[in-house]
Structures are given as C-alpha cells and as structure tokens.
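Listed below are the residues making up each chain.
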Amino acid sequence: MPLVTTTEMFKKAYAGGYAVGAFNVNNMEMIQAIVEAANECRSPVILQVSAGARKYANPVYLRHLVAAAAETTDIPIAMHLDHGADYEICKDCIDIGFTSVMIDASSKPWEENIALTKKVVEYAHAHGVVVEAELGKLAGIEDDVKVEAHDAMFTSPDEVEEFTARTGIDSLAIAIGTSHGAYKFKPGQDPKLRIDILEEIGRRLPGFPIVLHGASSVPQEQVAIVNEFGGSMPNAIGIPESELRKAAKLAVCKINIDSDLRVAFTAAVRKHLAENPSHFDPRQYLGDARANMKAMVKHKIIDVLGSANKA
Ligand code: G3H
Ligand code: 13P
Ligand code: ZN
C-alpha cells in the first residue's frame, strides 16, 4: 500500500483514545522490525527519520527502504521527518516523497517559530504533506545537543490556539515532562507527566492531534542485558508506560520512541556476539537485533499505545 499522511490515522486515534507509534529508523533491519511488528499487530505506524539518520543513511536510501516495506503490507504507514531544523530540510524531504514533516523551531523566538513553521506548512500543504511543529522545550539529548533539565520548558496552554491558527499546522508537539534519550531520570525518581497541561491544551484545541517526543521508558531488562554482556549503560529510568497510556487516551495521537528500540537492538547484538564469539556474519547478529527490536515494537503497540487492530 502506498505511504499515507497521518491525517486519517490521527482522526481515528483521537476518536478511539489511542496513539500511533512514531519509531525512528536508520537502516533496513530497523524498518523491517517496525513494519513486521505493526503488520502482525494490524496497527498503523509512523516511520521517522532524524537529521542523524539522514547523515548516517542518506534520506534517499531510507525513502526507498520504507517504500519497499510499504509494498509488503496493507497497514497504513506514514514517513515523517523528525526534528526538521530548517525550511530546506523539510522541502528536501517533501520533494523525495515523505508524507509528513516536523519543523522544529521551538528553540526560536515566538514570531520566528511562527513565520518559519507557516512557510513550511505552505509548501507542505501544496504538496499534500502534513506538518508537525513544537511549542515548549524538552530536556535531554537530541542530535548531540544537550538541553539541561533546568532549561526545559513546559508548553503554555495560553499559546496553543494562536500558534495553531497562525501556522496552519496539522499536529502539535508539546512538552509536559518527557525528555529525549536513554538517561532521563535517576532510579528512585518518580517521573510524572503534566497530564493537567495536556488536558487544558485538549480543551483549548478540541479534536486537534497532540504529539509527545522523548517517550522512551528505558526498559530495565534490556539495559541489564547490555550491561551483562560488556556494556556499561548508567542506571537510569524513563517515562513510565502507565503515564504514556494516560496521555494516549487523551489528545495525544503520536508518541515518539527511539531510545528504547536502540537499547533493544544493541542488547541483542551484545548478547549474540558474547554467546557466539566465532560468529562474523552480520546477518546472524543483525537478525537477532531485528527480532528483539520487533518484540519491543509489539510491546509498545499492544501495551502502551493501544493501536493494535486499528489498521
Ligand atoms: O529526537 C531525536 C531522535 O531520538 C533521533 O536522534 O538524531 O541521534 O538520530 P538522532
Ligand atoms: P526517546 O529518546 O525518548 O526515544 O525520544 C525519541 C524522540 O522523541 C524522537 O523524536
Ligand atoms: Zn523528538
């Protein structure tokens, strides 16, 4: 089935009280893991490409790999640019066939964020592509840029109506306590999302799809495997899945997950090579990595997002 935009997906997700997973992809095995998992769960899915992924793999390769994956299934798949930094990156992705882009001007002053976002929306909509933008600032690491927790800023509900009306965006990423990366909180902390802010934004923007970035939960059993087989990931915890489930039942229609998939992939590679020191065929350890990542995606779809059987 050809790639689709997120418009229909989000309409159904909003009405149905669930969210669609947006999973980051960097190579063929990751794309296969996600699409096979979504296909088996009969779930819609968003494959997203970051600036880091563009640098690593070349967006044209990723575009064709995603097209190949879409040919193997009839579930709805959207291809999304994650954290587009400027107009040119968004335009490039639209021109090569992405169906959704994010313009991330959230660190810019208010009027600049609006002007740049609006310019992207005009080009995107003229080409049948949808746009996500962001208000607020998440803590954590993103494209090697570290935002310290004290610089993070929750989204102000007072700004969302003007921002969406003036830009014409299709979905809005907000900051309510999530953060990027695998080291979000220290063990013993009890991270909670500002569900009250989400509810207020939902009241201000009825029916409008909200996006959560930085939604990895840092699965402790996978970190333990990494560390058992030679890794040294620090002890850290992520966003509790119970908090994400609450958000998915409200206005949140897209939940971004990258770090948890990376950890699952790496745990399997480390385990495979430690247990099979004579192996040198990449298909052997990448095959295990793909299978473990697929299991992680299925878990997210079934137990966190609630998007199984919604394709
Ligand atoms: O939000 C950022 C994503 O996790 C992607 O990170 O640029 O290292 O691929 P990356
Ligand atoms: P995590 O680092 O929590 O997986 O967040 C990923 C993300 O927001 C990609 O845009
Ligand atoms: Zn993000």
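Scroll up a little and you will see the structure.
Residues numbered from 1 in each chain as written. Chains lettered and ligands numbered in written order. Predicted model: local features only at pLDDT ≥ 70, side-chain atom pairs only at ≥ 80, totals over all residues. Heavy atoms only, no water.

Draft legend 1. Representation of the pairing of strand S8 (residues 171-174) within the structure. Burial along S8 is two-sided: Ser-171 and Ala-173 facing one way and Leu-172 and Ile-174 facing the other are all buried. Two strands pair when backbone bridges link them, and strand S5 (residues 130-135) and S8 are joined in this way by four bridges, in the parallel orientation. Its bridge partner being in S8, Glu-134 is matched across the sheet by Ala-173. (Buried < 20%, exposed > 50% of the residue type's maximum accessible area, 1.4 Å probe, protein only. Helix = DSSP H or I, 4+ residues; strand = E, 2+ residues; numbered from the N terminus. Pairing = 2+ DSSP bridges.)

Draft legend 2. Fine view of the side chain of Glu-29. Here Glu-29 shows up in helix H2 (residues 28-41). Despite its burial, Glu-29 remains without a salt bridge, the nearest opposite charge being carried by Arg-290 at 5.3 Å. Other than its neighbours up to four places away in sequence, Glu-29 contacts Phe-265, Leu-286 and Arg-290. (Lys, Arg positive; Asp, Glu negative; His and termini not counted. Salt bridge = Lys/Arg side-chain N within 4 Å of Asp/Glu carboxyl O. Contact = heavy atoms within 4.5 Å.)

Draft legend 3. Region of the structure containing helix H6 (residues 110-126). The end-to-end C-alpha separation of H6 is 24 Å, in line with the 24 Å expected for 17 residues at 1.5 Å each. Three or more residues of H6 are buried, namely Asn-113, Ile-114, Leu-116, Thr-117, Val-120, Val-121, Tyr-123 and Ala-124. Taken together, the buried residues of H6 touch helix H5 (87-95), strand S4 (100-103), S5 and helix H7 (157-167). One or two positions beyond H6, positive phi appears at Gly-128, with a value near 75°. (Expected span 1.5 Å × (residues − 1).)

Draft legend 4. Inspection of the coordination of the zinc ion (ligand 3) at higher detail. Summarising the metal site, the zinc ion (ligand 3) is bound by the protein donors His-83 (NE2), His-180 (NE2) and His-213 (ND1), whose distances to it range over 2.0 to 2.1 Å. The sequence pattern formed by the donor residues of the zinc ion (ligand 3) is H-x96-H-x32-H. Taken as a pair, His-180 in strand S9 (residues 179-180) and His-213 in the loop between strand S10 (210-212) and helix H9 (220-228) lie far apart in primary sequence, 33 residues in all. Residue class for His-180 comes out buried when judged on its relative accessible area of 13%. (Donors = N, O, S within 2.8 Å, 3.2 Å for Na, K, Ca; no water.)

Draft legend 5. Representation of the packing of H9 against helix H11 (residues 259-275) within the structure. Interhelical geometry of H9 versus H11 gives an angle of 35° and a closest axis separation of 8 Å. Crossing of H9 against H11: the hand is left-handed. Along its contact with H9, which presents Gln-222, Val-223, Ile-225 and Val-226, the element H11 presents Val-263, Ala-264, Thr-266, Ala-267, Arg-270 and Lys-271. For the contact of H9 with H11, a count of residues per class yields six nonpolar, two polar and two charged. (Axes fitted to C-alpha atoms, helices over the stretch in contact; angles between N-to-C directions. Left-handed = near helix turned anticlockwise from the far one by under 90°. Nonpolar A, V, L, I, M, F, W, Y, C, P; charged D, E, K, R; others polar.)

Draft legend 6. Region of interest: unusual backbone geometry. A positive phi angle, close to 75°, is found at Asn-58, a residue other than glycine. Along the chain, Asn-58 falls in the loop between helix H3 (51-57) and helix H4 (59-71). The exposure class assigned to Asn-58 is partly exposed, which follows from its relative accessible area of 34%. One non-glycine residue with positive phi stands out, namely Val-218, at about 55°. Structurally, the position occupied by Val-218 is in the loop between S10 and H9. Residue Val-218 is classed as buried on the basis of its relative accessible area, which comes to 3%.

Draft legend 7. Broad picture of the environment of Ile-169. Structurally, the position occupied by Ile-169 is in the loop between H7 and S8. Separated by 97 residues in the primary sequence, Ile-169 and Thr-72 have C-alpha atoms spaced 31 Å apart. Leave out the neighbours within four places in its chain, and Ile-169 touches Thr-117, Val-121, Val-131, Ala-133, Phe-163, Thr-164 and Phe-208.

Draft legend 8. Structural detail: the site of ligand 2. The local shell around ligand 2 holds 16 residues, among which Asp-82, Lys-184, Ser-216, Asp-258 and Ser-259 are the closest. At 3.2 Å from an oxygen atom of ligand 2 is found a main-chain nitrogen or oxygen belonging to Ala-215. In isolation ligand 2 has 310 Å² of accessible area, and contact with the protein removes 97% of it. For the shell around ligand 2, the elements supplying multiple residues, two or more each, are strand S3 (77-84), S9 and strand S11 (252-257). Considered class by class, the residues forming the shell around ligand 2 number two nonpolar, 11 polar and three charged. (Near = heavy atom within 4 Å. Polar contact = N/O pair within 3.5 Å; in protein donor to acceptor, adjacent residues only side chain to side chain. Areas by Shrake-Rupley, 256 points an atom, 1.4 Å probe, with all protein chains shown as cover.)

This is a description of form; function is not addressed.
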